[in-house]
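Results of the structural survey
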Amino acid sequence: MKLEPGSPSKLLSRRQKTSLAPSPKAISAATDLLMKFARTNSPGSLARALPSYPEDSNVPAELGGEHADSHVAIEALRIGRARCCWEIIKENFIRRDSGKTTTSPRKAARTRKSTRRTGDNDEDEEDEMPAPVSEHAWGVLGWMLTVFERDEVEVEQSGQIRYSPLLLSQLPPSRPASSPRWDVKLPVDVVFYALEQESESRRSLGVRLLTLLVNLGSTTLLDFSMFLNAVSSRVSGLSLDVLMYLLAALPVTRATAQFKLALCRHALGGTAAPGRPKPQARARALPRRRQQVTDAPAAGDASSASQDVSTTTGQGSGANNVPSIARRFPSISAPDVLALLERPKTSGSPPAAQAACLKGELVLGYGLLQRQLDESDRDHKWTEMLRDGSLEKAVEEAFDLGAIRGVATAETRDYVEKRKVALLAVLSLWRL
């Protein structure tokens, strides 16, 4: 008989940790139950089970009891101590198998590298940061996104712009509290970690979360420049396959169309990467008692005519009862598009294939947005560029394999050539 050292209470605790680790079947059943709750209960009632940032950053969070005999109870208390929902799905948040943490499969490019301490050596231990999503937390992430999406629907049905106040509460509050929130690092980490997965279902979770953030970014409750910086810096490092998937998978809405234009422009270097905006440059919230306000574009401003400039106020919506106000997206004109097409590759530019993808998306996105507008609201410079052939010439030169540097593989060269042919075909149709 093998005797295990330790007191009876420690032995019981050790066995309990091992025996209560949920099996894959139990995880699947629990996820299914969560999704049923999401379909039959209000988002607000379900979100009470999730940790979130307080409306006032100076108010300390309430913690549960400190003592419990049950291993499950002890682990459950850690959820209440988390600051936000992104922490509870992070790798190593839940300890399994006698306190040992689990690891999730990672791609070769993301293989863990660490230097362990051996003996009495004083070498520093260098561990890679935990994955944004644990291998066992993908179902929980999907459930949270469902709750946020249903919250969006309820807000939109109340007559406001589509966004999720519950998602807003998962971002750290700014100081002063009335300022737009800007720290989106944790959810953006989740987005791009999901996009790098091989599973289509996991990739789709990244697209859904980014769509939720884009909708939140279409209000002045989120600092759009900081959000754009965070996404743009990550997009530039994506492989061509993942970048193509992301741009194609985003839903076709006015908000995502405006966001993709701003993203392509920023990633291609069309705007300087701004730092955190000064407080006085931020939009102020309108008084709650005011009714819907529409800010019309200035007469003759063709570039602003394509921007969504209506603002909607709501009673006590969002964090700190700040009214939701529809954002006026950064304007972009037809000459801007032409300049970005003609822009040569620099040291800070994306790789050649990714740059070609972004340039193609920029042209298509701007053209499709123009076609959705009335004739009188369209950018007349865009129409002129279509008719005089300057846009077609810029596409020919931008996708000229003889002039592009860094297109090494046959697969990449084939993509650039096909992209050029498709763009020229679309431009010829728009010219009619």
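Reference entry: report on the structure contained in this document. Computed from a predicted structure; not experimentally measured.

Comments concerning the overall build of the protein chain
Scanning the protein chain from terminus to terminus reveals 18 helices and two strands. Within the protein chain, the proportion of its 432 residues that are buried is 44%. Sequence separation of 24 or more characterises 71% of the internal contacts of the protein chain that already satisfy a separation of 6 or more. Only carbon and sulfur atoms are counted for the fraction: they give 52% of the accessible area of the protein chain, which is about 23100 Å².

Topic: the pattern of salt bridges
One pass over the structure, following the stated rule, counts 16 salt bridges. Several salt bridges converge on common partners, so that one network encompasses Glu152, Glu156 and Arg162.

Re the packing of aromatic side chains
The tally for this structure, following the rule as stated, stands at seven aromatic pairs. Here the aromatic rings of Trp138 and Tyr193 are separated by 5.9 Å at their centres, their planes lie at 10°, and the arrangement is stacked. One end of the pair, Trp138, is in helix α6 (residues 138-157); the other, Tyr193, is in helix α8 (residues 185-195), and 55 residues separate them in sequence. Residue Trp138 shares its accessibility class with Tyr193, and that shared class is buried. With centroids separated by 5.4 Å and ring planes inclined at 85°, the aromatic side chains of Phe224 and Phe329 adopt a geometry described as edge-to-face. You can see Phe224 sitting in helix α10 (residues 224-235) and its partner Phe329 sitting in the loop between β2 (310-311) and α14 (334-342), a full 105 residues away along the chain. You can call Phe224 buried: its relative accessible area is 5%. You can call Phe329 buried: its relative accessible area is 4%.

Thoughts on the nonpolar core
Within the largest apolar cluster, 104 residues are counted, with the highest numbers of intra-cluster contacts made by Trp86 and Phe227. Per-element tally for this core: the top contributor is helix α15 (residues 352-371), with ten residues. Those residues in contact with Trp86, other than ones at most four positions away along the chain, are Pro132, Met144, Phe148, Leu167, Gln170, Leu186, Pro187, Val190 and Leu209.

Points about the side chain of Ser218
Structurally, Ser218 can be placed in the loop between α9 (200-217) and α10. Within the local environment of Ser218, its side chain forms a polar contact with the backbone oxygen of Asn215, the two atoms lying 2.5 Å apart. Setting aside residues no more than four positions away along its own chain, Ser218 makes contact with Ile161, Arg162, Ala255, Ile325, Ala326, Arg327 and Phe329.

Description of the side chain of Glu361
Inspection of the secondary structure puts Glu361 in helix α15. Here the side chain of Glu361 touches Lys260 through a polar contact of 3.1 Å, side chain to side chain.

A few points about the state of the cysteines
Note: disulfide means a covalent bond formed between the sulfur atoms of two cysteine side chains. Within this structure, the stated rule accounts for zero disulfides. Just so you know, Cys357 is unpaired, no disulfide at all, and the nearest cysteine sulfur is the one on Cys264, 7.6 Å from it.

Analysis parameters
- Residues numbered from 1 in each chain as written.
- Predicted model: local features only at pLDDT ≥ 70, side-chain atom pairs only at ≥ 80, totals over all residues.
- Heavy atoms only, no water.
- Helix = DSSP H or I, 4+ residues; strand = E, 2+ residues; numbered from the N terminus.
- Buried < 20%, exposed > 50% of the residue type's maximum accessible area, 1.4 Å probe, protein only.
- Contact = heavy atoms within 4.5 Å.
- Areas by Shrake-Rupley, 256 points an atom, 1.4 Å probe, with all protein chains shown as cover.
- Salt bridge = Lys/Arg side-chain N within 4 Å of Asp/Glu carboxyl O.
- Phe/Tyr/Trp six-rings, centres within 6.5 Å; stacked < 30°, edge-to-face > 60°.
- Core = buried A, V, L, I, M, F, W, Y, C linked by side-chain atoms within 4.5 Å.
- Polar contact = N/O pair within 3.5 Å; in protein donor to acceptor, adjacent residues only side chain to side chain.
- Disulfide = S-S within 2.5 Å.

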